[in-house]
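# Per-entry structural report
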Amino acid sequence: MMSETLLDIRNAQAWYGRAHVLRGVDLRIGAGEIVAVLGRNGAGRSTLARAIMGLVRREGTFLWRWRDLVTLKTFEIARLGIGYVPESRDVFPNLSVEQNLLLGQKGARPGRWRKEDVYALFPVLAQRARVPAQRLSGGEQQMLALGRALMGDPELIVVDEPAEGLAPQVVFQLAGLFRDLRGRGVAMLLIEQKLELALEVADRACVLGHGEVVFDGTPADLRARPDVQREWLEP
């Protein structure tokens with residue numbers, strides 16, 4: 001059975017200045033589903049994430065349940081239940097781990113995700129709660145960025161290149177985390193360069209090429225298509 005649709009993107013167009021990057025992308029994300037967006041650098045993967053969050057000029061339909069996101073500002077999109085973890089992670093370096101997490105709350109009152117829940121998910125953050133974020137390792141900063149996004153009670157998290165620059169052991173931990181979040185009902189749009197990580201955790205894989213969808217199917221379908229991998233994914 002198809003899960004409830006959270007985000008339905010139709011004919012998405014996006015630009016950086018005069019550069020037309022997304023050229024008619026269609027993509028659906030269901031409740032509790034992990035969708036991996038794959039492609040070479042320049043294919044439009046990060047632009048898709050930024051278009052969802054209203055961070056680039058965009059056209060088309062970005063339907064969150066009944067509401068089109070195109071008319072909304074970034075903070076309004078976040079308040080609807082969409083978390084965003086950019087590739088740069090963007091932690092506040094001079095604030096402590098705990099202060100960074102608390103900034104992720106939607107309001108004065110905590111929601112379903114409290115800092116204690118994040119600490120249970122990432123024990124290393126509990127150990128370093130009072131440490132400035134700039135003193136964390138790359139993997140710890142990635143955990144902090146994910147934890148801060150969870151503090152906003154998202155139903156969907158858009159995560160851009162979470163494994164970039166991380167040690168293999170940390171990447172393995174991230175894979176387990178993503179499966180855990182799916183088990184808790186959190187959907188994810190996972191933009192990832194590491195093919196094996198993406199196919200290991202995703203329910204569906206979407207491949208972008210030149211700003212268009214060139215493949216959309218299950219990880220098993222993509223593994224069975226060496227022609228797609230060769231044309232659109234291999235260096």
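Computed from a predicted structure; not experimentally measured. (Residues numbered from 1 in each chain as written. Predicted model: local features only at pLDDT ≥ 70, side-chain atom pairs only at ≥ 80, totals over all residues. Heavy atoms only, no water.)

Take the pairing of strand S7 (residues 156-160) next. Among the 5 residues of S7, 5 are classified as buried, and the element is accordingly described as predominantly covered. Residue alternation in S7 divides its side chains into two sets, Leu156, Val158 and Asp160 and Ile157 and Val159, and both sets are buried. Of the pairings in the sheet, the one linking strand S6 (residues 82-85) to S7 comprises 4 bridges and is parallel in character. Of the residues in S7, the one forming a bridge with tyrosine 84 is valine 158. Sheet topology places S7 next to strand S8 (residues 187-191); 5 bridges connect them, and they run parallel. By the bridge assignment for S8, valine 158 is matched with leucine 189. (Buried < 20%, exposed > 50% of the residue type's maximum accessible area, 1.4 Å probe, protein only. Helix = DSSP H or I, 4+ residues; strand = E, 2+ residues; numbered from the N terminus. Pairing = 2+ DSSP bridges.)

This paragraph deals with unusual backbone geometry. A positive phi angle is found at arginine 65, which is not glycine, with a value near 55 degrees. In this structure, arginine 65 sits in the loop between strand S4 (57-64) and strand S5 (67-68). A positive phi angle is found at arginine 89, which is not glycine, with a value near 70 degrees. Inspection of the secondary structure assignment puts arginine 89 in the loop between S6 and helix H3 (97-103).

On to the nonpolar core. With 49 residues, the main nonpolar core has Phe178 and Leu222 as its most contacted residues. The element that contributes the greatest number of residues to this core is helix H7 (residues 168-183), accounting for 7 residues. (Core = buried A, V, L, I, M, F, W, Y, C linked by side-chain atoms within 4.5 Å.)

Its 16 residues place the ends of H7 23 Å apart at the C-alpha level, agreeing with the 22 Å of an ideal helix rising 1.5 Å per residue. Every buried residue belonging to H7 is among Val170, Val171, Leu174, Ala175, Leu177, Phe178 and Leu181, and all of these are buried. Mapping the buried residues of H7 onto a view down its axis gives an arc of 165 degrees, with all of them on the same face. Opposite the packed face of H7, turned more than 90 degrees from it, sit the exposed residues Pro168, Gln169, Phe172 and Gly183. Against strand S3 (34-38), helix H4 (115-121), helix H6 (138-150), S8 and helix H8 (195-201) lie the buried residues of H7. Taken from the residues just after H7, glycine 185 is the one with a positive phi, measuring 90 degrees. (Expected span 1.5 Å × (residues − 1). Arc of directions from axis to C-beta. Contact = heavy atoms within 4.5 Å.)

The 4 strands are arranged S2-S1-S4-S5 in an open sheet whose pairing can be described as antiparallel. With partners counted over all chains shown, the strands left at the sheet margins are strand S2 (19-30) and S5, one partner each. The sheet contact formed by strand S1 (residues 5-16) and S4 spans 7 bridges and is antiparallel. Among the inter-strand pairings, aspartate 8 is bridged to a residue of S4, identified as leucine 63. Lying over the sheet, helix H1 (residues 45-52) contacts S1, S2 and S4, oriented at roughly 115 degrees with respect to S1. (Axes fitted to C-alpha atoms, helices over the stretch in contact; angles between N-to-C directions.)

Turning to H1, a few remarks are in order. The buried fraction of H1 is high, at 7 of 8 residues. Along H1, the residues classified as buried are Arg45, Ser46, Thr47, Leu48, Ala49, Ala51 and Ile52. Just downstream of H1, glycine 54 is the residue with a positive phi angle, here 75 degrees.

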